[in-house]
Structure formats: C-alpha cells, structure tokens
Amino acid sequence: MPKTVLVTLLGFALMAAGGSCRRPGPEGYFKINPQDDLGGHVGGKVVLEGRVSKTPWQHMIHWPDGYSEIAYFDFELGRQTVLYAKKPVDCPGFLTVWGKVIEIRGESKRPGSDAPAVEYQILVDRFECAK
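Attention in this report is confined to the structure presented alongside it. It should be emphasised that the depicted structure is a prediction, and the values quoted were computed from it without experimental measurement.

Rules of the game
- Residues numbered from 1 in each chain as written.
- Predicted model: local features only at pLDDT ≥ 70, side-chain atom pairs only at ≥ 80, totals over all residues.
- Heavy atoms only, no water.
- Helix = DSSP H or I, 4+ residues; strand = E, 2+ residues; numbered from the N terminus.
- Salt bridge = Lys/Arg side-chain N within 4 Å of Asp/Glu carboxyl O.
- Buried < 20%, exposed > 50% of the residue type's maximum accessible area, 1.4 Å probe, protein only.
- Disulfide = S-S within 2.5 Å.
- Phe/Tyr/Trp six-rings, centres within 6.5 Å; stacked < 30°, edge-to-face > 60°.
- Lys NZ or Arg CZ within 6 Å of the ring centre and 35° of its normal.
- Pairing = 2+ DSSP bridges.
- Polar contact = N/O pair within 3.5 Å; in protein donor to acceptor, adjacent residues only side chain to side chain.
- Contact = heavy atoms within 4.5 Å.

### Digging into the overall build of the chain
- Check the secondary structure of the chain and you find one helix and six strands.
- For the chain, the succession of helices and strands along the chain, N to C, is α-β-β-β-β-β-β.

### Overview of the pattern of salt bridges
- A full pass over the atoms with the stated rule returns three salt bridges.
- The salt bridge involving Arg126 is made with Glu27; its shortest N-O contact spans 3.0 Å. One end of the pair, Arg126, is in strand β6 (residues 117-129); the other, Glu27, is in the loop between α1 (3-17) and β1 (30-31), and 99 residues separate them in sequence.
- Residue class for Glu27 comes out partly exposed when judged on its relative accessible area of 45%.
- Close ionic contact of Arg105 with Glu103 constitutes a salt bridge, the shortest N to O distance being 2.9 Å.
- With relative accessibility at 34%, the residue Glu103 sits in the partly exposed group.

### Overview of the state of the cysteines
- Taken as a whole, this structure holds one disulfide when the rule is applied.
- Disulfide pairing places Cys91 opposite Cys129 at an S-S distance of 1.8 Å. The chirality of the disulfide connecting Cys91 with Cys129 is left-handed, given an S-S dihedral of about -80 degrees. Placement of Cys91 in the loop between β4 (79-85) and β5 (94-106) and of Cys129 in strand β6 is noted, with a sequence separation of 38 residues between them.
- We classify Cys129 as partly exposed; its relative accessible area is 30%.

### Points about the packing of aromatic side chains
- Overall, the coordinates contain two aromatic pairs when judged by the stated rule.
- Relative to Tyr84, the ring of Trp63 has its centre 6.3 Å away and its plane inclined at 70 degrees; by these criteria the two rings are edge-to-face. A residue pair is termed long-range when its members are at least 10 positions apart, and Trp63 in the loop between β2 (45-52) and β3 (69-75) and Tyr84 in strand β4 qualify at 21 residues.
- With a centroid separation of 6.2 Å and 20 degrees between ring planes, the pair formed by Phe73 and Phe75 is classed as stacked. The same class applies to Phe73 as to Phe75, namely buried.
- In this structure, Arg51 is placed above the aromatic ring of Phe94, and the distance from its NZ or CZ to the ring centre is 4.3 Å.
- Positioned above the aromatic ring of Tyr67 is the side chain of Lys86, whose terminal nitrogen or guanidinium carbon lies 5.2 Å from the ring centre.

### Overview of the pairing of β5
- Two strands pair when backbone bridges link them, and β2 and β5 are joined in this way by seven bridges, in the antiparallel orientation. Bridging from a neighbouring strand, Leu48 pairs with Val97 of β5.
- In this structure, β5 lies alongside β6, joined through 12 bridges in antiparallel fashion. Across the sheet, Lys100 pairs through a bridge with Leu123, a residue of β6.

### Description of the side chain of Thr81
- Following the sequence through the fold, Thr81 ends up in strand β4.
- At a separation of 2.6 Å, a polar atom in the side chain of Thr81 contacts the main-chain carbonyl oxygen of Tyr120.
- With sequence-adjacent residues up to four places away left out, Thr81 is seen in contact with Leu38, His59, Ala71, Tyr72, Phe73, Phe75, Tyr120, Gln121 and Ile122.

Here is the structure:
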C-alpha cells in the first residue's frame, strides 16, 4: 500500500479517535467531549456543559482552600462530578463551567479492597448560566 494512503488512513483514524490531537481553546481550556475522561486532564483547564444536579450521588469531598461552595454537576453521558467554587453556582438550568481538574483519593468502600478510590473533580474558575 502506498505511503500516502497509509498516512491518509492514519489521519482519519486520529480524527475519529478525537481528543488525542485536540488543542486547547484560546484561553487554554479543553472542551470536554462525551468520550473524554476527566482523569486524562488532571491539573489541566477544562470546559464542561451540564447542570447542577437535583440528585447528588455519593462522592468523596475535599474542601480546597479558598473554595467555600460545593455543587454536584451532571454532565455528558449521565456522569456527575463535584464542583468547588468561590461563589454559589446558582444556575437553574444548563450552564457552562470553566475550571481545573483535580484528583481526589481516598480509601475504597469495598470490603477487603486495598485499592484507593479515585475521583476527578473541578475547581471552578468561572461559570455562565445558559440564557
């Protein structure tokens, strides 16, 4: 198979995979797509769209210095995470959140397991309610 065909096929495969070759937006934030894992962005700046949850799940909680507000956030594909903010996230409907992904570690709730529990949560830089 000629090299140009292989290079073209490789390019299509990378585009289909998404995420792996994406660049951050103008402010340095990566838009989280449905297939993206927050764990792949620890320490990075991300943009999420969703809504404040009406049904919070059980999560580990870590109160970072300077972040006095907490919200449970439902986003793509039925996933939920915890937001830590400096002011209340009080949007009644959909919103966009810009923030930094942090990793929270704790002990497993499974009896006999020594594996640590890990969650990825967001330190909110800013948010905007949908109009």
